[in-house]
Every structure is written in C-alpha cells, then in structure tokens.
Amino acid sequence: MRRILIAATILAAACGGKRTIPATPEIKAAATQAQLGANASGSNTQTSLALQSLGASIGDAAAAGDVSTVDLTGLPAPVALAARATSPSTVQQGLRAGAAPTRATTPPSGCIQRDPTGAPQFTPTGSGTCTASGHLEVYYDNGDQVNISWSGDGTSFDLSIEVVAGAWTGTHLIYHGTGSATGATVTVSGAMKFVGTRNIDADFALTFVVAVSGDATSSTATISVNGTVTDHLEQVSAVQGWSVSTTSSTSGQTHHATVDFNGTLQIVTTAHSVAFNINMHVVTDTTPTTVSATYSASGDLDWDGAIVGTLFTKGKDIWVHWTDETEEMLNLSGVVG
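Quantities reported herein were computed from a predicted structural model and do not represent experimental measurements.

Let us now look at the overall build of the chain. Summing up its helical and strand segments, the chain has five helices and 16 strands in all. When the 337 residues of the chain are sorted by exposure, 42% land in the buried category. For the chain, long-range pairs separated by at least 24 residues make up 51% of all intrachain contacts whose partners lie at least 6 apart in sequence. Per element, the accessible surface of the chain, about 15,400 Å² overall, is 56% carbon and sulfur.

With that settled, consider the state of the cysteines. Here the structure, examined in full by the defined rule, presents one disulfide. Residue cysteine 111 pairs covalently with cysteine 130 via a disulfide, S to S 2.2 Å. With the S-S dihedral at roughly 85°, the linkage between cysteine 111 and cysteine 130 falls on the right-handed side. Separated by 19 residues along the polypeptide, cysteine 111 in strand β1 (residues 110–114) and cysteine 130 in the loop between β2 (120–124) and β3 (136–139) bring together distant segments of the chain.

With a phi close to 60°, glutamine 235 is a non-glycine residue in the positive phi region. You can see glutamine 235 is positioned in the loop between β9 (218–231) and β10 (236–251). A positive phi angle, near 75°, is found at glutamate 325, a position not held by glycine. By the secondary structure assignment, glutamate 325 is in the loop between β15 (317–322) and β16 (327–329). Here glutamate 325 falls in the exposed class, since its relative accessible area comes to 55%.

For aspartate 302, the position within the fold is in strand β13 (residues 291–303). Engagement of the side chain of aspartate 302 in a polar contact is seen with the side chain of asparagine 277, the distance being 3.0 Å. In this structure, aspartate 302 is in contact with Lys18, Ser273, Val274, Ala275, Asn277, Ile307 and Val308, ignoring residues within four places of it in sequence.

For the rest of this paragraph, the subject is helix α2 (residues 25–64). Over its 40 residues, α2 extends 59 Å from the first C-alpha to the last, a length consistent with the 58 Å expected when each residue adds 1.5 Å. One or two steps after α2, the chain reaches glycine 65, where phi turns positive at roughly 80°.

With that settled, the discussion passes to the packing of aromatic side chains. Under the criterion given, the structure shown has two aromatic pairs. When the ring of tryptophan 168 is compared with that of phenylalanine 194, the centres are 4.7 Å apart and the planes differ by 55°; the resulting orientation is tilted. Note that tryptophan 168 is positioned in the loop between β5 (156–165) and β6 (172–179) and phenylalanine 194 in strand β7 (residues 183–194), a separation of 26 residues in sequence. Where tryptophan 242 meets phenylalanine 261, the ring centres are 5.2 Å apart and the plane angle is 25°; that geometry is what we call stacked. Taken together, the residues span a long stretch of sequence, with tryptophan 242 in strand β10 and phenylalanine 261 in strand β11 (residues 254–268) at a distance of 19 residues.

Our next topic: the environment of threonine 217. Inspection of the secondary structure puts threonine 217 in the loop between β8 (200–214) and β9. Spatially, the C-alpha atoms of threonine 217 and histidine 255 are 9.8 Å apart, while their sequence positions differ by 38 residues. With near-sequence residues (within four places) excluded, threonine 217 lies in contact with Ser248, Ser249 and Thr250.

This paragraph deals with the pattern of salt bridges. Oppositely charged side chains can form a pair if their charged atoms are brought close together. What the rule picks out here adds up to six salt bridges. For aspartate 300, the salt bridge is made with lysine 18, and the minimal N-O distance between the two is 3.0 Å. Here lysine 18 lies in the loop between α1 (2–14) and α2 and aspartate 300 lies in strand β13, a separation of 282 residues in the sequence. For lysine 314, the salt bridge is made with glutamate 327, and the minimal N-O distance between the two is 3.4 Å. With a gap of 13 residues between them, lysine 314 in strand β14 (residues 306–314) and glutamate 327 in strand β16 connect regions that are remote in the sequence. Classification of lysine 314 by relative accessible area gives partly exposed; the value is 37%. You can call glutamate 327 partly exposed: its relative accessible area is 39%.

By size, the foremost hydrophobic cluster in this structure holds 71 residues, and its most contacted members are Leu51, Ile58, Tyr175, Phe208, Phe276 and Leu301. Top contributing element to this core by residue count: α2, with twelve residues. In contact with leucine 301, other than residues within four places in its own chain, are Ala31, Val274, Ala275, Phe276, Ala306, Ile307, Val308, Gly309, Val320, Trp322 and Leu330.

The rules behind the values
- Residues numbered from 1 in each chain as written.
- Predicted model: local features only at pLDDT ≥ 70, side-chain atom pairs only at ≥ 80, totals over all residues.
- Heavy atoms only, no water.
- Helix = DSSP H or I, 4+ residues; strand = E, 2+ residues; numbered from the N terminus.
- Buried < 20%, exposed > 50% of the residue type's maximum accessible area, 1.4 Å probe, protein only.
- Contact = heavy atoms within 4.5 Å.
- Areas by Shrake-Rupley, 256 points an atom, 1.4 Å probe, with all protein chains shown as cover.
- Disulfide = S-S within 2.5 Å.
- Polar contact = N/O pair within 3.5 Å; in protein donor to acceptor, adjacent residues only side chain to side chain.
- Expected span 1.5 Å × (residues − 1).
- Phe/Tyr/Trp six-rings, centres within 6.5 Å; stacked < 30°, edge-to-face > 60°.
- Salt bridge = Lys/Arg side-chain N within 4 Å of Asp/Glu carboxyl O.
- Core = buried A, V, L, I, M, F, W, Y, C linked by side-chain atoms within 4.5 Å.

See the structure below:
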C-alpha cells in the first residue's frame, strides 16, 4: 500500500496534478478546527455583502426623501444578515447603490430617527438637533448608531458604513463599486466587529463580482468572491475564491429554487493550510403543503496543497472520504448554507 501511494504521488507530480497523502490524526484534527474558521469567514463575508445592501437601501431612501420604510428596530444580528446575503433582492439592492445619489443634488447628509409619532423621519443637517456633517446618522431603538456616507453616479459608487454605538461598534467597512443595475464589481475593505451571540473581529480585503437577471416570475443572482478575510478571533486568514448562483421561480403554487456553490475556501495559519474545494448543487421545490430538496456535492479537502480526502453527500450533509478509507461528516454551514 505504501509503495502504491508513493507511486501515485510521483505520477501526480509528473502530470502536474495535486499529490495525495495519508490523512493522519493530526491532519484530521486540523481540518476539524479549520471548519470553524471556514464557517466564520464564509458567514462574515456574506454579512459584509448584506451590510452593503442595507447601507445602500438607507442611502437610497434618504436620497429619495422618503425614509418611512427604514427599519429602525436595530441592526440585524450576523446570522440574520448572512442568511439573506445571496438572495436576488438583496443583491439587486446592492447593485442599485450607484444610481441613487443621482437623484439628489449632493449625497444625503442628516439624521434618521423616529419622530414624536414613532415614524422614521429624515432631518437635514443643521435642523433641530441634527449635527451630522457629510454623512447620514441613523439612530435605532436598541441604541445602535450607524454613520453612512456615500457618493456616486449611474456607473460607480463609494459607500462607508461605520457603527459607533451598539453591538456592532467598531465596524467600519468601505465599499467601492462600478457597474450597472444588472452587474457590478465591488471591493470591500475595513473591519467588522460584533459582540453577542457570535462574536466577530475580522478585517476584509475582498472583491465581489455580482450580477442579477429575471422577470416577474423568476430571478437569478450570481456572486463571485476573491480575496482574504483575516479572523482575529480564530487567528486564521481565509483566502477565498468561490462563486454562488441562486435561481428562484414560481409556477402556479410551486416555488422552485436552486443554489450552486463552486470554488475554494483556504484556511491559513502560521503552520499549515487547509483548503475546502467544493462543488455543491441544491434544488428545492416548495408548495403550500410540501417541501422537497435534493443535494449533491463533490470536490476535495487539501492539506498544504495535497489531497487528504474527497467530498460527497449523504442526504443534505457534506462528508469527506479520507485517504485512510474512513469517513466523517463536515460542518460547512457557514460556507454553503
């Protein structure tokens, strides 16, 4: 067996492919730990996209002069934001960020808070007690405060989201995008922090390429992500190179949806790297009385560039078949949902 493995390794190297090595207990333990970093990074990445959409929608409302639909209950928790990050509606709102400022003479500046009747109200800078200068200050019921500044035209935008009070205090993300209402390239840099059900302390240097299409009965959203997220709590860097495409359509009372995730999430520590190379396809059909879903996945798990296992599905779960012929279920819910 050892000779076969050595021969396979030499052949793979000669052909330019990845070599295969035994999955030792050390490698398995490290891969288990890497799942935590992968889930945190994947969820944080999706949360950063949802925060862009949230900031864009608030700026859009202020630029239009109508903030009645702004939810001032409080900033959503990370899990709630990440869950809606790749939906077509969220992606479309993020793409619209570059268009809204063209409806205002200058980028919106002022305060958004509840009026005496409890309705959201926009107060321009210098009116009442609003002292915001060059940005929006958004005051939430739970004590959160977010400062949003942005500018743009029909083809590009700059958006800054800074949280100065509440559980997200310390978050300061800067977005720059170019494109249109159907496709754009967006870079995000800065810090995300959260204290609560899932603590976050991460730095971002990512590029999103996003696109949407559809009509009244169907829609498609595709997002590709490249770059690095440094997680200070897990003490790892996550190198990301993946895409996710979602489709949604309705026929009669049946709602049909698909999700395709393809790419790599590599967790890098000071000693080693673990890469999850995943191709996953999910199909769901929902009626008023039933929900059916099918899952399929393939790919491999790498240790310092060498294959230590191949990926497959059992039901809705992703499993790894290690090179030592054992199998283990993986938890990558923060990556592929």
